[in-house]
Amino acid sequence: TLPSPPGPLKNTLTKLVNTPAHPFRAPGKNDIRGPCPGLNTLANHGYLPRNGIARPSQIIDAAQEVFNMGNDLAIFLTYAAHLVDGNLITDLLSIGGKAEATGPNPPAPAIVGGLNTHAVFEGDASITRGDAFFGDNHSFNETLFQELVIFSNKFGNGFYNLASARELTFQRIQDSIATNPQFSFISPRYYTAYAKSVFPIVFFIDGRNDTGLNLNLDVARGFFQDGKMPNDFFRANFSTTLNKVGGGIQAVFTPHPVHPGTNNGTVNSYTLDPDSADFTDFCKFYTDFVTKTVRGLYPNAKGQLLTALNRNLNFLFSALTIEDQGCTQVPLFT
Ligand code: HEM
Ligand code: MG
């Protein structure tokens with residue numbers, strides 16, 4: 001009885017989304033926020049439950065409505081996160097740390113730890129959040145934001161745009177190689193690192209802005225730090241699909257390619273990992289995510305849990321058929 005994923009928006013044009021019905025309110029002390037400025041913003045404006053515990057279908061609807069996220073991208077991201085970080089039986093996901101409110105724990109090695117959980121979805125070399133090795137992988141980090149400012153001034157004429165993203169993403173990876181002995185930069189994180197560096201450019205810019213894809217740094221701070229839309233914010237005037245984000249990833253990756261790898265317990269020991277999916281094979285990213293990451297958490301699910309797992313795996317794959325990504329579905333778990 002899990003709800004099926006919502007369909008696409010009927011109207012994909014820009015419109016006011018910081019409306020009187022959705023005022024910003026800072027989270028209360030029992031409200032959960034996490035590493036994703038997009039979802040924090042949705043919760044702070046009441047497009048998601050303000051306590052930070054949401055159903056996948058609510059997240060998809062909200063990301064589409066407020067940010068004009070494409071249906072395939074919203075479904076893929078949301079079910080990927082839910083499969084590794086959410087409670088599959090209760091259909092609830094914490095957008096930050098582990099929360100009792102998502103329901104009883106399934107047997108280990110499942111984690112159900114919310115989006116803060118390191119290494120199943122969240123990962124290293126984030127833009128404004130530190131690496132888990134340094135103790136906090138989810139809070140806004142002013143030092144890192146200042147790096148964003150410096151790079152945006154140097155490469156983006158004072159804006160966060162594709163040129164800034166290209167240079168900053170490369171720098172964040174170099175920073176982690178040089179300082180984090182446990183730096184890990186393999187799939188699935190490898191994909192999300194590049195995708196998430198593009199997200200501010202497609203989602204945080206007002207849809208009436210006709211000066212190109214240049215994100216003002218005060219607006220950027222509002223989203224990254226406070227999870228807050230500017231007054232009078234209009235969403236993007238186009239939907240960002242999986243294919244569109246792939247184009248952005250190419251623009252960020254190609255001029256400064258870093259291939260998947262890890263440090264080996266000491267800094268500056270970055271070693272390529274030929275087993276990790278890379279941008280030459282999107283289907284391997286999907287396949288390995290299911291057969292390694294998800295299966296690793298649920299090696300022998302039974303009964304109701306197995307049913308829920310397989311339903312969510314079907315939802316995940318359905319995203320790859322909206323615009324045919326040419327992937328073959330991994331057989332359901334038995
Ligand atoms: C980061 C989940 C939608 C913007 C993250 C992270 C997670 C996450 C787990 C942490 C990854 C990391 O940096 O280590 C999700 C899920 C979504 C979603 C499940 C479901 C639709 C969005 C939307 C936006 C967005 C709609 C923008 C409007 C970002 C950005 C980061 C991020 C910019 C990088 C933060 C940083 O590196 O400082 N997201 N997100 N996300 N998310 Fe989301
Ligand atoms: Mg991170």
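A brief report on the enclosed structure follows. What you see is a predicted model, and the numbers here were worked out from it, not measured in a lab.

### Considerations on the site of ligand 1
So, step 1. Taken together, 26 residues surround ligand 1, and among them Cys-36, Ser-126, Ile-127, Thr-128 and Lys-196 come closest.
So, step 2. One of the backbone nitrogen or oxygen atoms of Ile-127 is found 2.6 Å away from an oxygen atom of ligand 1.
So, step 3. Within the backbone of Thr-128, one N or O atom sits 2.7 Å away from an oxygen atom of ligand 1.
So, step 4. In a pocket analysis with a 2 Å cut-off to the grid points, ligand 1 is assigned to the largest cavity.
So, step 5. Every element with two or more residues in the shell around ligand 1 is listed here: helix 1 (37-44), helix 2 (56-67), helix 3 (71-85) and helix 6 (189-203).
So, step 6. Per-element tally for the shell around ligand 1: the top contributor is helix 6, with five residues.
So, step 7. Across the shell around ligand 1, the residue classes tally to 17 nonpolar, five polar and four charged.

### What to know about the pattern of salt bridges
So, step 1. Within this structure, the stated rule accounts for 10 salt bridges.
So, step 2. Across the salt bridge formed by Arg-235 and Glu-65, the nearest N and O atoms sit 3.8 Å from each other. Taken together, the residues Arg-235 in the loop between helix 7 (217-226) and helix 8 (242-253) and Glu-65 in helix 2 connect sequence positions 170 residues apart.
So, step 3. Given a relative accessible area of 25%, Glu-65 falls into the partly exposed group.
So, step 4. Put simply, Asp-175 and Arg-172 hold a salt bridge, and the shortest N to O gap is 3.2 Å. In this pair, Asp-175 and Arg-172 both sit in helix 5 (residues 162-179), three residues apart, roughly one turn of the helix.
So, step 5. The buried category is assigned to Arg-172, whose relative accessible area is 5%.
So, step 6. Connected via shared salt-bridge partners are Lys-15, Glu-65 and Arg-235.

### Focus: the packing of helix 9 (residues 282-297) against helix 10 (residues 303-318)
So, step 1. Contact geometry for helix 9 and helix 10: axes closest at 11 Å, N-to-C directions at 160°. When the axis of helix 9 is compared with that of helix 10, the two are roughly antiparallel. Between helix 9 and helix 10 the crossing geometry is right-handed. Only Leu-309, Leu-313, Leu-316 and Phe-317 of helix 10 make contact with helix 9, whose side of the interface consists of Tyr-286, Phe-289, Val-290 and Val-294.
So, step 2. A per-class count over the contact of helix 9 with helix 10 returns eight nonpolar, no polar and no charged.

Calculation notes
- Residues numbered from 1 in each chain as written.
- Chains lettered and ligands numbered in written order.
- Predicted model: local features only at pLDDT ≥ 70, side-chain atom pairs only at ≥ 80, totals over all residues.
- Heavy atoms only, no water.
- Near = heavy atom within 4 Å.
- Polar contact = N/O pair within 3.5 Å; in protein donor to acceptor, adjacent residues only side chain to side chain.
- 1 Å grid on protein atoms, 1.4 Å probe; cavity = no way out; pocket = protein on both sides within 12 Å on 5 of 7 lines; lining within 4 Å.
- Sits in = over half its atoms within 2 Å of the grid points.
- Helix = DSSP H or I, 4+ residues; strand = E, 2+ residues; numbered from the N terminus.
- Nonpolar A, V, L, I, M, F, W, Y, C, P; charged D, E, K, R; others polar.
- Salt bridge = Lys/Arg side-chain N within 4 Å of Asp/Glu carboxyl O.
- Buried < 20%, exposed > 50% of the residue type's maximum accessible area, 1.4 Å probe, protein only.
- Axes fitted to C-alpha atoms, helices over the stretch in contact; angles between N-to-C directions.
- Parallel < 35°, antiparallel > 145°, perpendicular 65-115°, else oblique.
- Left-handed = near helix turned anticlockwise from the far one by under 90°.
- Contact = heavy atoms within 4.5 Å.

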